[in-house]
Every structure is written in C-alpha cells, then in structure tokens.
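Observations on the model geometry
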Amino acid sequence: MGSQDHSYDGPILECRDLCISYFTRAGEIPAVIDFNMTLNQGGSIGLVGESGCGKSTVAMAIMRYLGGNGAIVRGQVLYKGRDMASLSEEELRQLRGNEIAMVYQEPMAALNPSMTLGRQLMEVPLCHEKISEAEARKRAMQILADVNLPDPERVMAAYPHQISGGQQQRVVIAMALLSNPSLLLLDEPTTALDVTVEAGIIELIGQIAKKFSTSMVYISHNLGLILETCDRVNVMYSGVVVESGTVTEVFDQMRHPYTKGLFGCIPLPGADKSARPLVPIRGQLPLPHQRPPGCYFAPRCDFFKQGLCDLEDLHMTSVPNQPGHDVRCRRWQEIDWSTYKPVGVGVGEVQAGEVVLSLNKMKKYYEITDNSIAAMIRGKRVRYVKANESISLEARASETVAIVGESGCGKSTFAKVLMGLETATDGEVMFNGKDISQEQVQKRSADQVGSMQMIFQNPFDTLNPSHSVGSQLARVIRKFGVETDGDKIEQRVMELLDLVKLPRDFARRRPRQLSGGQKQRVGIARAFAGNPSTVVADEPVSALDVSVQAAVTGLLMDIQKTYRTTLIFISHDLSLVRYLADRVVVMYLGRIVEQGTTDEVFAPPYHPYTEALLSAVPIADTSVERTRIILEGNLPSVTNPPSGCVFNTRCQRKIGAICETEVPPIFEPSEGHRIACHLSREEMLAMKPVISLAATPESPAAE
Amino acid sequence: MTDQVVAGVPRRESSLLRTVRGLALIRESAVGMIGLSLVLFWVLVAIFAPLLAPFPPNQTGLPLSPPGAVGLEGNVYWLGTDQLGRDTLSRIIYGSRQVLLYAPLATLCAYLVGIPMGLAAGYRRGLTDDILSFISNVILSFPVLVLYIIIIATIGASGSNIVIAVTFASAPGIMRIVRGLVLDLRNREYVFAAETRGESPWRIMLVEILPNARGPLIVDACLRLGYVVITIGTLGFLGLGLPPPDPDWGGMVSELRSFAIINPLLAVFPCIAISSLVLGFNLLADGLREVSLRD
Amino acid sequence: MLIFMFRRFGTMVLTMVVVSILVFLLLEINVESVAIKVLGPYTSVEQRNLWLERNGYFDPAILRYLRWLGNFVIGDFGSSVRFKVPVSDVLWPRLANTGILGGIALFLASLIGLTLGVIAGMREGGPRDRGVSVSAILTTSVPEFASATFLLSFFVFHLGWLPGTSGMADGFDLRQLVLPVMVLVIYDWGYIARMTRASMAEVMTTHYIRTAVLKGLPYGQVIRRHAMRNALIAPFTVIMLQINWLLSGVIVVEVAFGYKGFGALLYEASLNQDIYLIEACAMVAVFVAVMTQTLADVGYTYLNPRIRFS
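Quantities reported herein were computed from a predicted structural model and do not represent experimental measurements.

1. As for the overall build of chain A
Counting its regular elements, chain A contains 23 helices and 26 strands. Across its three principal axes, chain A shows a C-alpha extent of roughly 75 × 70 × 55 Å. Here chain A, with 703 residues, has 57% of them falling under the buried criterion. Just so you have it, chain A exposes about 27900 Å², and 49% of that area is on carbon and sulfur atoms. If the 72 positive side-chain charges of chain A are averaged to one point and the 81 negative ones to another, these points end up 4 Å apart.

Okay, structure coming up:
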C-alpha cells in the first residue's frame, strides 16, 4: 500500500510564500506571487479563480513539474514537512503517483491513446511497489469497481477512445487512487464534461474523500463545485490569493471586492432574477506583464482609492474573530456592503411582439452509410441520424428563447437549419411569414440573410485573424446592402463599435490584439450589422471568464431590448438561461422534451430530464438546497437512439416498458408549457422543486 | 478585392505589410538568417553576373586547367576550366541565373495550379475532393524522377518544358497540403460566419481561408524551391535539363566528372554551388517555421 | 477493417489502371513517333506504315490500349529496341540489383533516422535536437549527384579506399556498394529523422506523457512505453513513402556509379527512346510505389488503435 508515514501528523502540504515565474523571450513573467496554503490531513482546499490566475501553476509546482521554462523563484512547497525542492529525482519519482496523485482536466488527452486502460492502470502499482502482474491486475480491477465503473473486465481491455468522457475521467481518478495517495490534486476534473456527467464525478469525488481519507486540492473556476467538494477555499486573482478561509466564511461573508464581484457575476438558477441581478465586473483581467502597482484588482474595483490601493507591499490581513480567514485588501474594513447597490444587467419585463419565427415539426436527418459487413448482408446500408426530430416552437419579437441541452442534443444542427447552412428534411420553418426550411443561405435574399444572424461560441475563432476588425464589419454592412457608400460604411462601423461599447480605434486592430471578451463584442456587432430581426446566439459566453461573461451577457440583452430583436439563445448553462430567457426549450438527443416560459420550466412539474439537469447544476450559494439526482449510464449515441422515449435509458422516473416502446405523449400542465413524458398527471403534479432556498437565507455581508 | 478604405486604413496594403512584417521576424532566427544570406548571395550573384564573372560563360580557353591557373589573356581561372577551356567560375556565376529563373518560375506555376485545386478539394469536399484527390494520388504514385524522365522523354528538354514538368509533378503535392490546411480552417467560426451571410464559396476560399493558410504555405514554398533546384540540377546531370551550351550546374557536374581522373576537384565546385543554394532555401524554411511557431 | 483493406486494394488497382492510361497516352498515342522510336529516324514512311499496320497500330486507340494492357498483365512487355531482347529479360535482373541497393540503403537510413529522430525529439530545442536537426537539413540539401561527386573525389581519388564505379563487372563486390548506399543514406536519413523528431516532439508535449511522468514512471519507461509507441506511428508511413523517393534517388546513383540496376536501365531507355522499355520500367516503378503506399496505409491503420477499433 501507499507508504503513508504514520509518525508524521503535521499538515500534509504547506506552501510558504511561494512565487513561481515563467521565463520567456520577453523576460520573467510571474505566474504566482506570494502564495500560502496549509492543507491538513484529510482536509480539502479549493483553489478558485479565472483563467490565468495561476491556480494550475500551483498544482504543477506542488508536483515539481513546471516544464522547461517555469521555476519556483522564492518560497517553499513542503510535503509532510519535507521541502519538495530538496528531493532528488529518484525521491521525487517515488512520490509522484504514489503519495501525490493528480486528476486532469481533459481525460481523453490524459490517457495514452495506444495503450489499453488496463496496462495504464497496472503500471502505477508495478512501478511503485514490488508486486506481481497478477496482483497489479487484481488491484486495478478492484479500483475500477470502486469508482463505479460497470464491467471492469471490459474497461481493462479497452483503449481510451472506446469509452465515454465520463468513464475516462473515472479511469483517471482510479489511476490516481491506485496507490492510495495521501494527497490528491484535482485540476478542473469536470470542466470538459457535460453537467449531468459532472454531477456523477463530483459525487464520486465526495465518496473518495470519505472512503480513502485522502487530502485534496481542488482546482476550479466554478465556485459552485468548490462549495460541494471543499472545506476551505483560496480565491485567486492574477497570480495572488485575494481571499482565503473556510468555505462558509468566504461564501457567506466575503470581504474582498473581487470575491464579492465574482459572486455577483454568477447566475444562480434558484434566485429570482430581479431580486438578485447579475452584476458584471467592468474591464478585464490584466495580462501578467501589465499588472497595475499595488492591488491587481484596483482598475476594476469600485472601492479603489488613489494613494492607498496602488501602494506596493500589499499583504494578507486576518479578519478578526475568524482565524484563517484572510483578505488581501487595504480597505476591506472600511467598505460598507449594505450601501453598495451596483447596477445589475438586463432586468425588466419586455412586451413580446408578434411571432417572428415559428417551426412546425421541423426534422433534420443526416444520412450515414454503414459499411460493416453485417449491414451489407441485411441490405440496410443507409441509416439516418435524427439530429432534429419534430421540432416545433415559436419565437416572438423582442423575446429571448433559450435552447438548452447537453452535447449531442441537436442544438447546433438546429442553428444550422435556421441559418440556411443545411436544409430541413421535413417540416416548416416560417420566418417573417415565409418558409425558409428548404432555402440554402445562398438562395436567400440579402435582406433575409441580414435579418437573421448568428453569434458564435469561440471568441478565438469567431473573427478572421487575417483581417482587421473594421474591414470585417464593413464587409457585413456592404454584403447586406445596409450602406454602399464608403464613408457611410465607415460611419456605420463606428456606430457598431459604439453599440458594443468598444473604442472606435478598434476598427484598425487585428483580432489578435483583442481579449476574448472584446472579440465576442465584435462578434455581437457583426451580428447586429444588418439590423437583424432575429439573432441566433450559440453559447456566446460559455468560453469567457465568469467576470467577463456577465458583462457580455448584459450587453447582448441591452442591445436586444433596444432593437426588439428576437434572440435564440443556445446554451448548456441553465443558470444563465434562468436570467435572460423568456422561454426555455429543453432538448435531449434531437427531441424537445420540455418547453415553456422560464418560470414554468424552472418549477415543477418538470420533465425528468429537466429535473436531473437542474439538480446537476452546481450552485455557489450556501443558502440553496437542492435535491440530488445522479443520472445513470452514458448519453446514448445519436446514431442509435433508444426507442420509445429517448430518455428512458437514464431516466430516474422510468415507469416501465411503456417508456421503451411508445413515444411519450405531450402533457400540458398550463398553456404553452409542454412536457413529453409518460408520467401520469398526478405524478407530474406531485413533483417537488429541485432547488429551494433554505428557511432563513442570511446574508451577513449585506448587514 | 478592391481597395476598400476602412477607418482610413487601406486594406490591401496593411495585409501585405503585415505579411512582410511577419517575414521580417526571420531576424530572430540565426538559422533562418544564414539561409536568407545564402539565398540573397546567389540572387545578387545572378543579378550582377556580367560584372562578377571574369569570362563570358561560353568563351573557350585552356581546357581542363586546374584551379588558379592563368589564362591566355592573363586572367585567372580561379576554379579551373572544363574540357572546352570554359571558365568554371564564370559558368557557375551565369548558371545561377538559369536556376534562379526556372526554379521560382516553376514553383510559382505549381502553386498557381495546386492552390485552387487544394481549396476546391478541401472546401467543397464530396465528389470534387474525391476526384481531385484521386488525380493527385495517381500523379504522386510515380517516383518523381521517373515522372520527369517520362515527361521530358515525351516533350523534350527545354527551360519551358522543365517548368511544365515541375508544375505537373508538384501541383498534386501542393494540393494535398492546401487541402489539409483548408480542412482544418473550414471549421472555424469565421468561416461559418461568412457562410451565414451568404458569401460565395470562392470568396470564402480566397478571402476567408487562404490568407490564414499563408504561414505554412510560405514555409512549404521555401522547401519546395530547394527541391526544385535539386530537380533542375538532377535533370541537368542526367542530360535532360537545359540544352547546351548555356551553363547549367547539373550539366557542368556531369561533364566535369568525366575528367575526375585528371582533377577530381573540378566537378566539386558546381556541386558546392548547388548545395549551398538548396541549403539556403532549406535553412530559410526552417527559420520561418521556427519563427511562425512562436506566436 | 476487412472492408477497408478491400477498398484500399481496389483503389490501388484503379490507380494502376489510371497510371497505365497515362503512360499509354504519353508514350503511345502518337503512332508516328512510336514507329520512329522503334524503327529509328532513318526509315521511310512506307516502312513505318508497314510496321505499324503489321503490329495493329492503326486499330482504334481503345483497342490498342486494352491489348497493350492485357500483354502487360501477363508479363509480356514487348521487346527492347536497344537490347534486342524481350524487355522482361533485362528488367527483372536489374530490378533485383536495385532491390539489394535500395533495401540496404532504406534499412540504414531508417535505422539512423529513427534513432536520431527519437533522441532529438525527446527534448525539443535542446542541444541534441539542434545538432540532429541542423545536420539533417545540411545533408538533405545536397543533391544525390553532388554528394556522389563529393564522396567520389574524397574516398576514391583522395584516399583511394574505394572503387569509383559499381559496375560489378567481376561479380558481386560489396565494396562497390559502399558509395552508392552512402549517397542514398545521406540524402534520405535526414527526412526520416526530421519526421520522427517532429512526431516525437509533439508526443512529448501531450498530456498523456505528463500523466505518465506524474504517475512516477522512470523516464526510460515514459519514453519507451508511452512516447515511442505513439511517436513511431507517423514515421512508419514516412518510411514506406520514402521508397517512392528512393526510386528516384536510385536512378541518379546508378547512373553516377554505373551500377547495373533498374534506375540506370530506365535512364538508358529514355536516352535511347527505347519506348517499350520505358513503359515497362515506369509501370514497374509505379507498381512498387503504389504497393508500398497501400501497405503504408494498411499498416498505419493497424498500428493505430484509434482507427483499428472503430
């Protein structure tokens, strides 16, 4: 077994004044500055922060794996009291994988594609302990069962690509646990997974903590996950810890303006959107070599005070009566949070207008040719992938309709059909009174094309890196015939930049010179260039940092409101949808399982899938209680969906054979709220809310 | 594209400037700078050939003089003479003109054919791709020199025929590279954005996709230039290159080799010339690749 | 998998058919020139027409092509104009000679290329990487005819160690193979090494290598078990495709050293406008190339479990 040193009872891990830098051609770039952390045996600490805050660098430094250009420039990492820097290569090797193990962000990339999983698992005990192959095999099988993988025998013989993402992550966790390590580092272990799969992994991590009494460092950008997995948390911003303490202290009585701001940016699915508006933090994360003097958060802080906040030598100070709750702010005691009422985004009712877009039983099938011998013998070589099956919905002017679902639910196909990149197989798509389901985009008129535009997901991909921002916007204006005259086009480009609140001189810039949020703003400007009546936004903020997300979302909603645009908002993020959508459509494997107004969908009766989806969303609020529903099994393949109700293979409320044989009827508890499920009316109406506020929601910070 | 002035910045110029500025980054690569100097050296030699060469390239004198021998008029044969008494140095200098004319010309033609094919195959996919890929596979399945020999045996040896043969033999390879780049780039969201605003396929290929493939293509062009230089030299060596009497490095090697028993050094000089030029292109390509990977 | 193999071999046959059409079109479509090539330029028009008539050259092109192809498939390549014997009599022994030369060269080039490539790729940007990369560029920049000249003047004339021609007039002599093999290896190892290096360097940056290191595996095991297994899949294809390049290099080397191989035969044939011999050589060369490409594809699929099991 892992060589746990029972004579040692101090902290498992200590970081003392840790400073880590990367050395590039441009010089030294400090990635982590002045980092302190103490992890006791059996404890769990969360490191939370946005991209580039240095949280993963800390994990790599603990493993002493910083690559060729990274180095610890000051401070120490002590593992069980021993300085990691003093270990020889051989001692370090004995520690890695044996005493300190790691779980990674992308399980597919973390596993060797050309080696069976069994081999990869067995390697760990074989290289750390003197045991036989057979013994190693037994251990590997056992651990696979421990992480709740069905059929360990099959998994052992499989290659990584043959199992699903969630299963891959379970294998990676199993690999980390094989030597019964004292310390487990988890680096965003669920970020690459779907919400319902994530819920399963989080549950597993919780079980591990109990069963193996492993100490954990959990790294995440998601405060909700930290709340579920950790007892202490370090909030990081641009390389420094700005606040640390127990989870309850930091979540309920946060002291640092950044922590406060971060919580304000996170949409909470349980909250009433007008009572708890989304509050963006202005500006953007500083680049490592452009950090301001003094407090790094100063330029974005509402409490910035010249001559104080920009002084160097800023250290952590302790909060009285809360030992271990430290804040890196000079003004935290002066700030009166009760009078601080920042402006939230996008609240206020809109009057929905006439129907702009309406889909009636729209179907999109893709043909695939099956070349297996079996298919040839049966003579059924062509199969259909039902990417979209009988989609019916309506969207009205100035209304936001959210399409929600996990990967493979058909959201992207849906967008492609709307945009005319694909034609529908059947059914109609009425847009401004005309059926466009069979019209490819080239056949649509400039006016038609201009009045339905799209905002894309990936900010690093949405703009052409070869052309300037201005010329890309100008092209759209000219293409849609909004303006034809050169000067007027330029004028319009400027107006668009004003609209998305970017400086006018950005027209000359290259996309490379813009941050993710700024690129996404240009993407929004581009979509609105042709004065569209409908905009399809495909996960427009999911790739952005939380603090930037809220601002871009707010901007999008403001523009939409001003122009009374219909917004089709495609997202996997239920919390965000709760804030901005008027109506919600939930999709699963190409079918709509539930649709209705936002309030209807977020309250019972639910479709069982919606219920599971809602319960899976991690919530960064200690006052929220939710029912946990962990879905069993994998997401079925779109090419071979289950018969009857497509959700029957994972449904927690499956009632019997009928679910497997018959397509569920539509249950309509109120007009327009449609649920496709076999459950009886009584069962439906008896459902309890998944998310509820605890009896006495206290918010001491506001007192 | 027409020159559209947006926000006071002429678009075409800025795009070109940017490429030039990108190429100027080669300064930061030592290897690339050596390559660039070698190539520039030969370009200058080719331009100023009449000023640099001590003799006219086809003027005969003392046959098979050793390097350093003094000619009839008192001029020195620094690198010796061939069997007709022609000065090797002067012929190498003039020979650079042939190489530096036909190699870039042939490469350019190959790109002009290969790029549209690659764009079409990668962007349209389907049947277009199948057909174009099949054609290119067929041509690529010939060992290159076998293909050259067949083509030259059929159409005869001349400068323009070399260009034709190189285009025919290299375009499929270029097509493959472009196709691969396009298959990657076509899934970018800015391409979807262009599609959703109804841009024509050729505009998308040329304006949205091609400029972003420029980095790898420039590197490939340098490598290919080096290879075409080798090809021209090899064809010359095999007597399938440019017709005599004009100097051609490969041809010189094969002539001088026959007299290696008399002086083995004579054939070495044109070999050094051609190797240094190819090395120049290859190092330049390596430097450009190194620089382009940095950002 | 089986289907894939069938399809791949189908493509191969199709490729060969198209190549044969291409060769036929290039060399035989103009019957007048065929007659000139076969009978020589100093024949009268009547003689040529008589010959063409007798050999069925006035039949429709398609018929001629099919007959030509049919003969090819059964191994009847016609008669060599220059050697005055059936083409197959000269072709096969020459091909065997080239097989020996090419086989040794490919083996050595792969061995050196793979070894140095892996060493260079293990630590990208390190001194070993620099050394290997620069020398690979250096040697691949020297055309075969140039390196042949360099080696000749050094080993043969300067040192007098090796024979300058490889005609094998007095039977097989290993010493005569040294220089031709050296030239081929010098030109080819660099390409294999650079591909291997690139593949290895890429693999070394992957997350699964990080996983392997952080599992606590010894560095040697990380390299051997995890990195090389993945890094050597791509170079396998490169080596197989290298055979195509080798066939080109072989022509130059055989001409330069007077080695009696297949490349020199093709070269002589083209100089003498020996049309049937050119056709046969071209078809055989392409067949070898296409065959290795097919094997490369099939092998790649087999080596890569991601494709094998899907």
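2. Digging into the nonpolar core
Residues Phe-35 and Leu-183 of chain A are the most contacted members of the largest nonpolar core, which totals 188 residues. Excluding its chain neighbours within four sequence positions, the residues that come into contact with Leu-183 of chain A are Ile-12, Leu-13, Leu-39, Ile-62, Tyr-79, Glu-99, Ile-100, Ala-101, Thr-214, Ser-215, Met-216 and Val-217 of chain A. Of all hydrophobic cores here, the second largest spans 128 residues; its members include Leu-100 and Ala-103 of chain B together with Val-31 and Val-87 of chain C.

3. Observations regarding the interface of chain C and chain A
In many reports, interface size means the accessible area that the parts give up when they come together. At the interface, 20 residues of chain C touch 28 residues of chain A. Summed over both partners, the interface of chain C with chain A comes to about 2500 Å²; 61% of that surface belongs to carbon and sulfur atoms. Ranking the residues of chain C by area buried against chain A places Arg-210, Leu-214 and Lys-215 of chain C at the top, with a combined share of 27%. Applying the counting criterion to the chain C and chain A interface returns two salt bridges. A salt bridge links Glu-123 of chain A to Lys-215 of chain C; its shortest N-O distance comes to 2.7 Å. Seen at the junction of chain C and chain A, the total is 13 residue pairs in polar contact (both at pLDDT 80 or more). Secondary structure elements with two or more residues in the side of chain C that touches chain A: α1 (2–28), α9 (207–214), α10 (219–231) and α14 (305–308) of chain C. In terms of residue count, the dominant contributor to the side of chain C that touches chain A is α9 of chain C (six residues). A breakdown of the residues in the side of chain C that touches chain A according to their chemical character gives eight nonpolar, five polar and seven charged.

4. A short note on the confidence of the model for chain C
All names here are of chain C. Looking at chain C as a whole, the pLDDT averages 85, with 97% of positions reaching at least 70. Within chain C, α14 has the poorest average pLDDT of any element, 72, and α9 the best, 93. Model confidence for the complex is summarised by a pTM of 0.86, with the ipTM given as 0.85.

5. Observations regarding a nonpolar patch on the surface
All names here are of chain C. Taken together, the side chains of Ile-100, Ile-104, Phe-107, Leu-108, Leu-111, Ile-112, Phe-172 and Leu-174 make up a nonpolar region of the molecular surface, amounting to roughly 730 Å² of accessible area. Considering every element that reaches the nonpolar patch, the biggest residue donor is helix α5 (residues 87–122), with six residues. Structurally, Phe-172 can be placed in the loop between α7 (144–158) and α8 (174–204). Judged by its relative accessible area of 54%, Phe-172 is exposed.

6. A look at empty space enclosed by the protein
Taken as a whole, this structure holds 10 cavities of 30 Å³ or more when the rule is applied. Space inside the largest cavity adds up to approximately 120 Å³. Taken together, 14 residues form the lining of the largest cavity, with Leu-145, Tyr-227 and Thr-234 of chain B together with Glu-144 and Ser-248 of chain C sitting closest to its centre. Sorting the residues of the lining of the largest cavity by element identifies α6 (144–155) and α10 (214–237) of chain B together with α8 and α11 (233–257) of chain C as the ones contributing at least two each. Tallied by class, residues from the lining of the largest cavity come to eight nonpolar, four polar and two charged.

7. With respect to the sheet that holds strand β20 (residues 566–571) of chain A
Residue and element names in this part refer to chain A. Pairing in this open sheet of eight strands is mixed, and the strands run β18-β19-β20-β15-β21-β22-β25-β24 from one edge to the other. The sheet is open, and its two edges are formed by β18 (452–455) and β24 (666–670), each paired on a single side. If you compare each strand with its neighbour and ignore which way they point, the axes differ by 20° on average. The sheet contact formed by strand β15 (residues 400–404) and β20 spans five bridges and is parallel. Counterpart to Thr-400 in the pairing with β20 is Leu-567. Lying on the sheet, helix α21 (residues 608–616) is in contact with β15, β21 (583–588) and β22 (591–597); it crosses β21 at an angle near 100°.

8. Concerning the interface of chain B and chain C
Contacts between the two partners involve 41 residues from chain B and, on the opposite side, 45 residues from chain C. Carbon and sulfur atoms supply 76% of the area buried between chain B and chain C, which totals about 3900 Å² over both sides. There are two salt bridges connecting chain B and chain C. Two residues, Asp-286 of chain B and Arg-194 of chain C, come together in a salt bridge whose shortest N-O distance is 3.8 Å. Among the elements of the structure, α5 (126–140), α6, α10, α11 (249–257) and α12 (268–294) of chain B are those that each provide at least two residues to the side of chain B that touches chain C. A class-by-class count of the residues in the side of chain B that touches chain C yields 29 nonpolar, eight polar and four charged.

9. Some points on the domain arrangement of chain C
One can read the domain layout of chain C as domain 1 (2–73) and domain 2 (87–271). A C-alpha centroid distance of 35 Å is found between domain 1 of chain C and domain 2 of chain C.

10. Thoughts on the sheet that holds strand β8 (residues 215–220) of chain A
All names here are of chain A. Strands sit in the order β6-β7-β8-β3-β9-β10-β12-β11 across an open sheet of eight strands; the sheet is mixed. Two strands in the sheet have a free side with no partner beyond their single neighbour: β6 (100–103) and β11 (317–318). In terms of strand pairing, β11 meets strand β12 (residues 326–327) through two bridges, oriented antiparallel. Across the sheet, Ser-318 pairs through a bridge with Asp-326, a residue of β12. Packed onto the sheet, helix α11 (residues 257–265) meets β9 (232–237) and β10 (240–246) and runs at close to 95° relative to β9.

11. Notes on the environment of Leu-13 of chain A
Among the structural elements, Leu-13 of chain A can be located in strand β1 (residues 13–24). When residues no more than four places from it in sequence are discounted, the contact partners of Leu-13 of chain A are Met-37, Thr-38, Leu-39, Ile-62, Val-77, Leu-78, Tyr-79, Leu-183 and Val-217 of chain A.

12. Here's the deal with the side chain of Asn-234 of chain A
You can see Asn-234 of chain A is positioned in strand β9. Beyond its immediate chain neighbours, meaning those up to four positions away, Asn-234 of chain A contacts Phe-35, Asn-36, Met-37, Gly-46, Leu-47, Val-48, Val-241, Glu-243 and Ser-244 of chain A.

13. Section: the packing of helix α4 (residues 88–124) of chain B against α10 of chain B
Geometry of a packed helix pair, given as the angle between the helix axes and the separation of the axes. All names here are of chain B. The contact between α4 and α10 brings their axes to 9 Å, and the two run at 130°. Taken together, the axes of α4 and α10 are oblique relative to one another. The handedness of the crossing between α4 and α10 comes out as right-handed. Residue-level inspection shows Val-99, Tyr-102, Ala-103, Pro-104, Ala-106, Thr-107, Tyr-111 and Ile-115 of α4 in contact with α10, the latter providing Leu-217, Asp-220, Ala-221, Arg-224, Leu-225, Val-228, Val-229 and Ile-232. Its residues assigned to classes, the contact of α4 with α10 shows 13 nonpolar, one polar and two charged.

14. A short note on the packing of aromatic side chains
Under the counting rule described, the total for this entry stands at 20 aromatic pairs over all chains. Seen from their ring centres, Phe-528 of chain A and Tyr-563 of chain A are 6.3 Å apart, and the 40° between their planes marks the pair as tilted. In this pair, Phe-528 of chain A sits in helix α17 (residues 516–528) while Tyr-563 of chain A sits in helix α18 (residues 546–563), placing the two residues 35 residues apart along the sequence. Here Phe-24 of chain C and Trp-68 of chain C contribute two aromatic rings whose centre-to-centre distance is 5.4 Å and whose plane-to-plane angle is 55°, an arrangement assigned as tilted. Taken together, the residues span a long stretch of sequence, with Phe-24 of chain C in helix α1 and Trp-68 of chain C in helix α4 (residues 61–73) at a distance of 44 residues. Accessibility classification places Phe-24 of chain C together with Trp-68 of chain C in one group, the buried group. Three or more aromatic residues joined by ring pairs make a cluster, and in this case those are Phe-24, Tyr-65, Trp-68 and Phe-72 of chain C.

15. A word on α11 of chain A
All names here are of chain A. The element α11 is extensively covered by neighbouring structure, given that eight of its nine residues are classed as buried. By the burial criterion, the buried members of α11 are Pro-257, Tyr-258, Thr-259, Gly-261, Leu-262, Phe-263, Gly-264 and Cys-265. Contacts made by the buried residues of α11 are with α9 (223–229), β9, β10, α10 (247–252) and α18.

16. Describing the environment of Gly-121 of chain C
Residues and elements named next belong to chain C. Positionally, Gly-121 belongs in helix α5. Separated by 78 residues in sequence, Gly-121 and Ser-199 have C-alpha atoms that sit 7.5 Å apart. Setting aside its immediate chain neighbours within four residues, Gly-121 contacts Arg-197, Met-200, Ala-201 and Met-204.

17. Considerations on the pairing of strand β19 (residues 534–538) of chain A
All names here are of chain A. Extensive coverage of β19 is indicated by the burial of five of its five residues. Across the two faces of β19 the burial is the same, with Thr-534, Val-536 and Asp-538 and Val-535 and Ala-537 all buried. The pairing of β19 with β20 spans five bridges and is parallel. Paired with Val-535 across the two strands is Leu-567, which belongs to β20. Between β19 and its parallel partner β20, the chain crosses via α18, and the hand of that crossover is right-handed.

Rules of the game
Residues numbered from 1 in each chain as written. Chains lettered and ligands numbered in written order. Predicted model: local features only at pLDDT ≥ 70, side-chain atom pairs only at ≥ 80, totals over all residues. Heavy atoms only, no water. Helix = DSSP H or I, 4+ residues; strand = E, 2+ residues; numbered from the N terminus. Buried < 20%, exposed > 50% of the residue type's maximum accessible area, 1.4 Å probe, protein only. Areas by Shrake-Rupley, 256 points an atom, 1.4 Å probe, with all protein chains shown as cover. Lys, Arg positive; Asp, Glu negative; His and termini not counted. Charge placed at Lys NZ, Arg CZ, Asp CG, Glu CD. Core = buried A, V, L, I, M, F, W, Y, C linked by side-chain atoms within 4.5 Å. Contact = heavy atoms within 4.5 Å. Buried area = accessible area lost by both parts, 1.4 Å probe. Salt bridge = Lys/Arg side-chain N within 4 Å of Asp/Glu carboxyl O. Polar contact = N/O pair within 3.5 Å; in protein donor to acceptor, adjacent residues only side chain to side chain. Nonpolar A, V, L, I, M, F, W, Y, C, P; charged D, E, K, R; others polar. pLDDT = per-residue confidence, 0-100. Patch = residues over 30% accessible without salt bridge, like charges linked within 9 Å, V, L, I, M, F, W, Y side chains within 5 Å. 1 Å grid on protein atoms, 1.4 Å probe; cavity = no way out; pocket = protein on both sides within 12 Å on 5 of 7 lines; lining within 4 Å. Points joined across faces, edges and corners; volume = space filled by probe spheres on them. Pairing = 2+ DSSP bridges. Axes fitted to C-alpha atoms, helices over the stretch in contact; angles between N-to-C directions. Domains from an automatic or database assignment. Parallel < 35°, antiparallel > 145°, perpendicular 65-115°, else oblique. Left-handed = near helix turned anticlockwise from the far one by under 90°. Phe/Tyr/Trp six-rings, centres within 6.5 Å; stacked < 30°, edge-to-face > 60°. Right-handed = clockwise from strand over helix to strand, strands pointing away.

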